[in-house]
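Each chain, written out:
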Amino acid sequence: QKEVEQDPGPLSVPEGAIVSLNCTYSNSAFQYFMWYRQYSRKGPELLMYTYSSGNKEDGRFTAQVDKSSKYISLFIRDSQPSDSATYLCAIAGGTSYGKLTFGQGTILTVHP
Amino acid sequence: DVKVTQSSRYLVKRTGEKVFLECVQDMDHENMFWYRQDPGLGLRLIYFSYDVKMKEKGDIPEGYSVSREKKERFSLILESASTNQTSMYLCASSLEALGGSTDTQYFGPGTRLTVL
């Protein structure tokens with residue numbers, strides 16, 4: 001079993017839809033959770049981070065963590081074509097030297 | 001803002017050549033990482049470094065080596081390039097490993113390497 005599981009998609013939604021992206025993890029030592037967005041042929045950029053169970057909101061984006069279920073989510077409201085990218089979850093705290101454990105990434109397309 | 005730069009965006013090399021990929025970060029970060037990214041396989045850690053002249057193997061170190069002579073610079077070396085090393089290579093850095101926000105990694109734009 002992989003330490004972090006993420007459905008690779010692809011996921012295609014119409015503009016304006018609410019998008020839900022999810023990851024599950026197996027190591028309860030993980031404490032710190034990130035979402036990265038990666039546009040085609042570019043490096044990943046940090047979108048959001050959170051370290052506790054509950055919700056964290058930033059504009060149209062909401063990161064949700066449920067440590068009891070070992071489940072993290074990213075919600076995108078009012079999705080736009082510019083949100084089309086690969087979204088990677090990343091988790092820290094279960095390893096040494098600051099290594100992150102990444103999900104495989106979900107490819108999202110928002111069509112007009 | 002953290003800036004991580006990589007020496008080339010696109011690189012084409014021949015089988016057997018020695019290849020150097022350079023990465024520089026400007027935020028005095030302790031940790032630096034090299035990944036490769038392939039379709040269906042996600043990000044795979046090749047090597048990382050937590051201090052100058054210190055290095056640790058990641059998940060797929062075979063066929064690669066690294067060098068960190070200065071804090072801001074981390075080089076990935078393909079000793080003898082092979083076609084199965086054709087990939088997107090990503091460098092990242094993080095402030096320090098304390099198990100919290102300082103673990104956040106900042107990525108460079110990537111180098112797409114093709115080995116013919």
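Let me sum up the structure you'll find in this document.

A word on the overall build of chain B. Looking only at helices and strands, chain B has 0 helices and 11 strands in total. Mapped from its N terminus to its C terminus, chain B presents α and β elements in the order β-β-β-β-β-β-β-β-β-β-β. A compact globule built from 116 residues should have a C-alpha radius of gyration of about 13 Å, and chain B, at 13 Å, falls within 12% of that. Counting only C-alpha atoms and orienting by the principal axes, one finds that chain B spans roughly 40 × 30 × 25 Å. A total of 116 residues make up chain B; the buried ones form 48% of that total. Here chain B carries 15 positive and 16 negative side-chain charges, and the mean point of each set is 8 Å from the other.

Turning our eyes to something else, we now look at the state of the cysteines. Residue and element names in this part refer to chain B. Enumeration over the complete set of coordinates arrives at 2 disulfides over all chains. The disulfide partner of Cys-23 is Cys-91, and the S-S distance across this bridge is 1.9 Å. Looking along the S-S bond of the Cys-23-Cys-91 disulfide, the torsion reads about -75°, which is the left-handed sense. A residue pair is termed long-range when its members are at least 10 positions apart, and Cys-23 in strand E3 (residues 19-25) and Cys-91 in strand E9 (residues 87-94) qualify at 68 residues. The burial state of Cys-23 is the same as that of Cys-91; both residues are buried.

The next point concerns the packing of aromatic side chains. Residue and element names in this part refer to chain A. For the coordinates displayed, the defined rule picks out 10 aromatic pairs over all chains. With 5.4 Å between their ring centres and 45° between their planes, Tyr-25 and Phe-33 make a pair best called tilted. On the basis of an interplanar angle of 50° and a centroid distance of 5.9 Å, the ring pair of Tyr-36 and Phe-102 is categorised as tilted. Here the residue Tyr-36 occupies a position in strand E4 (residues 32-38), and Phe-102 occupies one in strand E10 (residues 101-102), the gap between them amounting to 66 residues.

Bringing the pattern of salt bridges into the picture now. Residues and elements named next belong to chain B. Applying the stated criterion across every chain yields a total of 10 salt bridges over all chains. We note a salt bridge from Arg-44 to Asp-38, for which the minimum N-O separation is 2.9 Å. For Arg-44, a relative accessible area of 24% translates into the label partly exposed. Bridged by salt links that share partners, the residues Asp-28, Glu-30 and Lys-71 form one connected network.

All names here are of chain A. Sheet architecture is open: 5 strands sit in the order E1-E3-E8-E7-E6, paired in antiparallel fashion. Across the chains shown, the open sheet's two edge strands, defined by having one partner strand only, are strand E1 (4-6) and strand E6 (54-58). Between one strand axis and the next, the sheet turns through 15° on average, direction left out of account.

Cut-offs and rules
- Residues numbered from 1 in each chain as written.
- Chains lettered and ligands numbered in written order.
- Predicted model: local features only at pLDDT ≥ 70, side-chain atom pairs only at ≥ 80, totals over all residues.
- Heavy atoms only, no water.
- Helix = DSSP H or I, 4+ residues; strand = E, 2+ residues; numbered from the N terminus.
- Rg over C-alpha atoms; globule rule 2.2 N^0.38 Å.
- Buried < 20%, exposed > 50% of the residue type's maximum accessible area, 1.4 Å probe, protein only.
- Lys, Arg positive; Asp, Glu negative; His and termini not counted.
- Charge placed at Lys NZ, Arg CZ, Asp CG, Glu CD.
- Disulfide = S-S within 2.5 Å.
- Phe/Tyr/Trp six-rings, centres within 6.5 Å; stacked < 30°, edge-to-face > 60°.
- Salt bridge = Lys/Arg side-chain N within 4 Å of Asp/Glu carboxyl O.
- Pairing = 2+ DSSP bridges.
- Axes fitted to C-alpha atoms, helices over the stretch in contact; angles between N-to-C directions.

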